[in-house]
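What follows is each chain in one-letter form.
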Protein chains: 6
Amino acid sequence: MSTNNHAPTVETRSTAPFYRPVGDEAEVFRAAARRGLPVLLKGPTGCGKTRFVEAMAHELDRELITVAGHEDMTSADLVGRFLLKGGETVWVDGPLTRAVRSGAICYLDEIVEARQDTTVVIHPLADHRRELPVDRLGTTVSAAPGFQLVISYNPGYQSVLKNIKESTRQRFVAIELDFPPPDVETEIVAHEAGVDAATARALVAVGSAIRTIDGSPLREASSTRMLILAGGLVAEGLGLRRAVQSAVVEALTDDRDVIRALGELVDAVLPGP
Amino acid sequence: MSTNNHAPTVETRSTAPFYRPVGDEAEVFRAAARRGLPVLLKGPTGCGKTRFVEAMAHELDRELITVAGHEDMTSADLVGRFLLKGGETVWVDGPLTRAVRSGAICYLDEIVEARQDTTVVIHPLADHRRELPVDRLGTTVSAAPGFQLVISYNPGYQSVLKNIKESTRQRFVAIELDFPPPDVETEIVAHEAGVDAATARALVAVGSAIRTIDGSPLREASSTRMLILAGGLVAEGLGLRRAVQSAVVEALTDDRDVIRALGELVDAVLPGP
Amino acid sequence: MSTNNHAPTVETRSTAPFYRPVGDEAEVFRAAARRGLPVLLKGPTGCGKTRFVEAMAHELDRELITVAGHEDMTSADLVGRFLLKGGETVWVDGPLTRAVRSGAICYLDEIVEARQDTTVVIHPLADHRRELPVDRLGTTVSAAPGFQLVISYNPGYQSVLKNIKESTRQRFVAIELDFPPPDVETEIVAHEAGVDAATARALVAVGSAIRTIDGSPLREASSTRMLILAGGLVAEGLGLRRAVQSAVVEALTDDRDVIRALGELVDAVLPGP
Amino acid sequence: MSTNNHAPTVETRSTAPFYRPVGDEAEVFRAAARRGLPVLLKGPTGCGKTRFVEAMAHELDRELITVAGHEDMTSADLVGRFLLKGGETVWVDGPLTRAVRSGAICYLDEIVEARQDTTVVIHPLADHRRELPVDRLGTTVSAAPGFQLVISYNPGYQSVLKNIKESTRQRFVAIELDFPPPDVETEIVAHEAGVDAATARALVAVGSAIRTIDGSPLREASSTRMLILAGGLVAEGLGLRRAVQSAVVEALTDDRDVIRALGELVDAVLPGP
Amino acid sequence: MSTNNHAPTVETRSTAPFYRPVGDEAEVFRAAARRGLPVLLKGPTGCGKTRFVEAMAHELDRELITVAGHEDMTSADLVGRFLLKGGETVWVDGPLTRAVRSGAICYLDEIVEARQDTTVVIHPLADHRRELPVDRLGTTVSAAPGFQLVISYNPGYQSVLKNIKESTRQRFVAIELDFPPPDVETEIVAHEAGVDAATARALVAVGSAIRTIDGSPLREASSTRMLILAGGLVAEGLGLRRAVQSAVVEALTDDRDVIRALGELVDAVLPGP
Amino acid sequence: MSTNNHAPTVETRSTAPFYRPVGDEAEVFRAAARRGLPVLLKGPTGCGKTRFVEAMAHELDRELITVAGHEDMTSADLVGRFLLKGGETVWVDGPLTRAVRSGAICYLDEIVEARQDTTVVIHPLADHRRELPVDRLGTTVSAAPGFQLVISYNPGYQSVLKNIKESTRQRFVAIELDFPPPDVETEIVAHEAGVDAATARALVAVGSAIRTIDGSPLREASSTRMLILAGGLVAEGLGLRRAVQSAVVEALTDDRDVIRALGELVDAVLPGP
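Residues numbered from 1 in each chain as written. Chains lettered and ligands numbered in written order. Predicted model: local features only at pLDDT ≥ 70, side-chain atom pairs only at ≥ 80, totals over all residues. Heavy atoms only, no water.

### Side note on the relation of the copies chain A and chain B
Threshold: In superposing the copies, a least-squares fit is computed on C-alpha atoms, taking residues whose pLDDT is at least 70 in both. Throughout, a contact is declared for two residues whenever any of their heavy atoms are within 4.5 Å.
Once chain A is rotated about the relating axis by 60° and shifted along it by 0.1 Å, it coincides with chain B to within an RMSD of 0.0 Å. A rotation of that kind, with that shift, is consistent with a six-fold axis. Little of the interface of chain A is mirrored in chain B, where only 7% of its interface residues are also at the interface.

In structure tokens:
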């Protein structure tokens, strides 16, 4: 129930994450990393942005510190705050400050969801200064060698109200990711879900069919992540059709008519029952 | 008046909850549970979502920790917070963190009501990472075996403003529940309210009649829960008609005209006075 | 000026509150109470909802704990919070938790005014679980025998924005109250205000006349409570007409034209000057 | 600079406030006071509401505790709050609670400006219960004999958004005040400003002229308070015309055209330069 | 870096501020001051409101305490708050309370920007009561002799949403200020900027020309303050035209077309290059 | 992880920052600096405002303290706050107060993003008073010689809602900056990115082409900063076309059609592949 905060653990991975490059995204990332330039990943939900960063961190042998952005996140959540300890206020570094000090890759996922002060706080880290002003300490921390900032967002998502500020975007090298081509996606689904190639191919066919519906009523397409989820249910013994229903169709929409239409599409694509 | 928080109790159930499966919902849940995949329950209010989770937790012999979402819920309510104790700040795990550590099923009821930071916080728990970043501790907690995330919501309810984010939905195996067919619902009402089969059948007939009104002016249909409530009043000696009036008709609407119309419908369905 | 919070007092009543039943509301309440079912009281302002609950609590010999809902009320106001005491944080139960522990009737007046988290917090108390999750303690408190939840609201009041959630209503046995018929109301006014029957009858005549204005410009009708107030002024020596002016007419509206029209109506109804 | 809060002082007045009754407002107030009924004062800004309450408190020999409502006022500002003292949290009564305990008149000026929780908190004080629930103490304080609640507001001011709730109004005896007739107002201005009758009469003539402009562009009329202010400047040696300009014309509006028009009206009303 | 708050300093001035009266503003101020009446200064930005108050405070030999209003200012910022000190909460007076206790002039600049509670808090100070209720202390502080309240605002600025409440305005003697006539303004610019009369006259000519543009697209006119600023740049060696460009033209607008038009106007007014 | 705040470091630079003046901006800045006048820098994102301030601070041999404005910044973030230390509350100066005490240049970047109280707090620093009222300390701090306020913003950015208040602007000497002419920009890109003149010239040609698109759909133009970023990627071995794609095209927009159009423009401008 009670836990001391003396030994915070960081996200470490001993085995290489499974990632299959699609274009020259790794090449651009490596160039940016060599120079310490910040990277902006753009791409739809579930296309593999997180995996890509994990793979690059592993290849570059850097610690990876991930923070998920949300509406209520403030700069203190990134930079740190004072806590009361034995009657003293003690400063505790936030994940961004830890990454800055230790030279890690700091991956701010869906940062556009956060309040603006969290994006402004990264400006001096994202230009020639490479330093983090910690106003509450009256300090400025210089980034250790190896520190790299990576932020991600989904362009299809953003409204006029919620967008990355131009003055933020300008500081980043932008890399666009998309769903992988069928062959690569089949390999990924088979590997991640633990299903045979035929099952994976069938799932990828379902995914591609849904992604290419003309004038789709869906707000998001069927992602690689969903296909892996469906594969997982198959690996646990569920029928292919039932797995797709739960992990793809019902997950994509609540609209009865759309559910029925998607079901017919899936029936047409899937082999047999 | 004053209570120490040394011995928090958790929700435990020694006897099997009464649940009658309608389709293959239990089969899908079991497959997801074997693989530790998160589950999204969709269905109208009062159709038995909570009971279903209780039954599955009992069958799988897992502890069940339930949290009801609401507008003001923040991620700290799920993850935990620092409290002052004897001049020291001590960390107290929230219900989600407790479930993650102990390998319990964590059921987030109507999570869509909560602020967005509460849904973002579950992302890394809901994908291949199966870990909970506890930013304020600077820690990441790996989910113990057996941990499973279950969230629920009522699709008929959601507005454009309040919906599950696509990037959240994608991580879940979706199971749709609905009101049970008459025979099963009669069995449930009789068992839960402690009334005879004839009374239960009459109540289910009332419920079905209201659910199938053409162009119903009601925002919600008469749920199984309401029928059980009406049955309970009958079991306490109230007349069937009066019980339906209080537990169904007056509970469904405040509109005088609709109350009168529903009353006439009930009169037509119920046997005798 | 300074008060220790060691000995909180609760609302107790030694003599039976004056209440005259109008329909079968007491019968339904008793059935719900026997089974521990939660009750939702619907009715216009000032029709006697509070009195009804006080009378039922007295008849059933239960402690009554009343909480008035308001816009800024949060779940902590109901459930409890941590306070600092001698360097320790000590938990102090809120009124709802006290009622749950002691088996009292907890009456949440105009709960619809409160923020949504206060209504969601009562869900597990209002269904078969009969338990209150106290998230901040990591505890779930089972309701003591005798605990009963009663909530009230005024249907004429509610807007689309402020309404009881369907998933909340469904859990309650609904009882509708209205202004009593003239004879009963005359008895009530005479008793409560301490005036003779003739005065009370005259006041009730005024009240009825105002309630039945065609296409009334008033947002609320002249309530029993207002008539008692007017009676009280008469009992203190004010003229009947003047008392009605202050306690009814001026209290109902600020609009000069409506005040004049109501005045003429009152002149027509009241006997003599 | 630093002050201990051991000896809070209350608002006391040794000499009778100057107040001239216009109608039967004092009679109604006395009747309400005898019975402990709460009073709602309605009237335009600066017509003498505060003076009236001060005069009644003096006549009835009750302590008067005044609180000015504002947008950010919460129930804690009225009821009290916990403060940290020597490592202990100590409860400090708010002005309302002090009035309740000591049997004073509590005058809540412009309460409609406050947040709704401040009005709901006075409900149980304003009906037959005459008690103040102090949720944070878990206590209910019964009003001492002599306690009386007085609230005021300006009906001309209120919008749909900001109004007294019907369920609040209903609990009060309403008294409407207005600007006094010329003779009384002349007496008041002469007395309060310390000017001769001729000057006071001239000022009242200005006030009346402005109040009766057809289709006035002013949001508020020239109040008794403004006339007293102008009189005060005259008593300090300023010319009558200049005093009216500063204390009435420029105070009423910023619009150049309206200022000019009012100036011409004043020139026509005032005797000589 | 760390400073104890034992010896707060107040704003004092040993030499007379430079102020040239334009109309009878000083005469009205003196009359109000003799009687302790509160003063409302109206006038455009940069016309000398602050200077006027400084000059009057110096003439009357009163301490001047200035507070700049802003959107987030609360009444606590004016009245005071509790601070934690050595485990005790100690009350620290705000600037308004200090002025009330010491009999200083309290100048609330642009008070209309503040939240409403800050304006309501000054009501009892601004009428016959001359006292400040300090709710959190449970005290009412009577104003020391010499205390005077001065507030200012810019009428051209205010929207419907942000205006001084009528019930606040009514309590004040209003004094309207405007830019001084050319001769006086030339004297002021020369004195304040330290430039010769010719330069000052040229700058005043520029200012007058901009103020009298027909249908000006500017939200504010070129103020005396701006002309002094331009004079200061000239005194530091910048050319007159360049100084006007930076301190007047570019400061007034960002619109390229307006900047060009203003530039042409300036060229026409200024002597030579 | 834990850091004491005893030794806050300030931003210092030992080598002269690389800055190439375009017009007379340095001359105006020097004049303002000699007189201690505050400076307002206007110009598009990425045109070199920060660099210009760094260069001037270096030339004038002043410490530079930079604060990035954001929506949630409050005056306490600038002025300072109380922190708890060993049971005592200790005041910690904010960056603005430190600059005021030490005579540094305080550069408030994009201050228009901050809440209004942060701009109002600088008013007395930005006029003849040159002092900072620290309300929470009850102190006013006089600016040390050498203190200078510099604020910046991007006029193309501001909406009606978010703009510098007129009463703030008026206090500043305004300097407008823009992108440098091609020759200067080529020199800057070559120097900062570490590429040869030909590459820099090609990048500047791309930048100029994008800036001069007729009726551009872009919210911001391709800035000098972006060109340097692209140069950096080239210096790390990426092809010129690929570098421009990531650092300019994808960073400027998410719109597929605009990306394609910009790509064609870049193809036309860049030499060879």
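We are not done yet, so read on.
### As for the sheet that holds strand β9 (residues 148-153) of chain E
Residues and elements named next belong to chain E. Basically, it comes down to this: A pair of strands is treated as paired once DSSP finds two or more bridges between them. Segments assigned H or I by DSSP are reported as helices when at least four residues long, segments assigned E as strands when at least two residues long, and all are numbered from the N terminus. What counts as an axis is a line fitted to C-alpha atoms, over the stretch in contact for a helix, and the angles between N-to-C directions run from 0 to 180 degrees.
Taken together, the five strands give an open sheet; going across it, the order is β3-β6-β9-β2-β10, and neighbouring strands pair in parallel fashion. Where the open sheet ends on each side, the last strands, each with one partner, are β3 (64-68) and β10 (173-176). Each adjacent strand pair in this sheet contributes to an overall mean axis angle of 20°, direction not counted. Direction of pairing for strand β2 (residues 39-42) relative to β9: parallel, over a ladder of four bridges. Directly across from valine 39, in β9, lies its bridge partner valine 150. Strand contacts of helix α2 (residues 49-59): β2, β3, β6 (105-109) and β9, with the helix running at about 180° to β6, the strand carrying the most contacts.

### Notes on the interface of chain A and chain B
Where interface size is given, it is often the accessible area lost as the parts come together that is meant. Quick note on the threshold: What makes a salt bridge here is a side-chain nitrogen of Lys or Arg within 4 Å of a carboxyl oxygen of Asp or Glu, nothing more. As used in this structure description, the phrase polar contact means that two N or O atoms lie within 3.5 Å; if the pair is within protein, one of them must be able to donate a hydrogen and the other to accept it, and residues adjacent in sequence are counted only when both atoms belong to side chains.
In this complex, chain A contributes 54 residues to the contact, which on the side of chain B involves 48 residues. Between glutamate 236 of chain A and arginine 34 of chain B there is a salt bridge, with its nearest N and O atoms 3.1 Å apart. Joining chain A to chain B, the criterion identifies 15 residue pairs in polar contact (both at pLDDT 80 or more). Those elements that provide at least two residues to the side of chain A that touches chain B are β1 (2-3), α2 (49-60), β3 (64-68), β4 (80-85), α7 (182-193), α9 (224-235), α10 (240-252) and α11 (256-269) of chain A. A per-element tally of the side of chain A that touches chain B places α9 of chain A first, with six residues.

### Focus on the relation of the copies chain D and chain C
Taken as rigid bodies, chain D and chain C are interconverted by a rotation of 60° and an axial shift of 0.1 Å, the fit giving an RMSD of 0.1 Å. Residue by residue, only 8% of the interface of chain D is reproduced at the interface of chain C, so the copies engage with different surfaces.

### Some details on helix α7 (residues 182-193) of chain D
Let me state the cut-off plainly: Multiplying 1.5 Å by the helix residue count minus one yields the expected span of that helix. Exposure categories follow from relative accessible area, calculated using a 1.4 Å probe and restricted to protein chains: below 20% of the type maximum is buried, above 50% is exposed, and the middle band is partly exposed.
When the terminal C-alpha atoms of α7 of chain D are compared, their 16 Å separation across twelve residues agrees well with the 16 Å that a helix rising 1.5 Å per residue should span. Val184, Glu185, Thr186, Ile188, Val189, Ala190 and Ala193 of chain D are the residues of α7 of chain D that are buried. Structurally, α7 of chain D contributes buried residues whose contacts are with α8 (197-211) and α9 (224-235) of chain D together with α1 (25-35) of chain E. Glycine 194 of chain D occupies a position one or two residues after α7 of chain D and carries a positive phi of about 75°.

### Concerning the sheet that holds strand β10 (residues 173-176) of chain C
Residue and element names in this part refer to chain C. Spatial ordering of the open sheet is given by β3-β6-β9-β2-β10, a layout of five strands whose pairing is parallel. At either margin of the open sheet sits one strand with a lone partner, and together these are β3 (64-68) and β10. The mean inter-strand angle of the sheet, taken between neighbouring strand axes irrespective of direction, is 20°. Set on the sheet, helix α2 (residues 49-59) makes contact with β2 (39-42), β3, β6 (105-109) and β9 (148-153); between it and β6 the angle comes to about 180°.

### Focus: the pairing of β2 of chain E
All names here are of chain E. Covered by surrounding structure in β2 are Val39 and Leu41 together with Leu40 and Lys42, the residues of both alternating faces. Sheet analysis places β2 next to β10, joined by four bridges and oriented parallel. The residue bridging valine 39 from the neighbouring strand is valine 173, located in β10.

### Here we look at helix α10 (residues 240-252) of chain F
Think of an α-helix as 3.6 residues a turn; residues three or four steps apart then line up on the same face. Residues and elements named next belong to chain F. Test applied: Bending is quantified residue by residue as the angle between axes fitted to the seven-residue window ending at that residue and the seven-residue window starting at it.
Over its 13 residues, α10 runs 17 Å from end to end, which matches the ideal 18 Å to within 8%, given 1.5 Å per residue. Of all bends in α10, the biggest is about 35°, found at serine 246. Counting buried positions over the 13 residues of α10 gives eleven, a clear majority of the element. Turning to α10, its buried residues number three or more, namely Leu240, Ala243, Val244, Gln245, Ser246, Ala247, Val248, Val249, Glu250, Ala251 and Leu252.

### Section: unusual backbone geometry
Phi angles above zero are rare outside glycine, and aspartate 61 of chain D is one such case at about 55°. Structurally, aspartate 61 of chain D is set in the loop between α2 (49-60) and β3 (64-68). At arginine 130 of chain F, a residue that is not glycine, the phi angle is positive and equals roughly 45°. Position of arginine 130 of chain F relative to the elements: it lies in the loop between α5 (116-120) and β7 (131-134). Relative accessible area serves as the criterion here: at 21%, arginine 130 of chain F is assigned to the partly exposed category.

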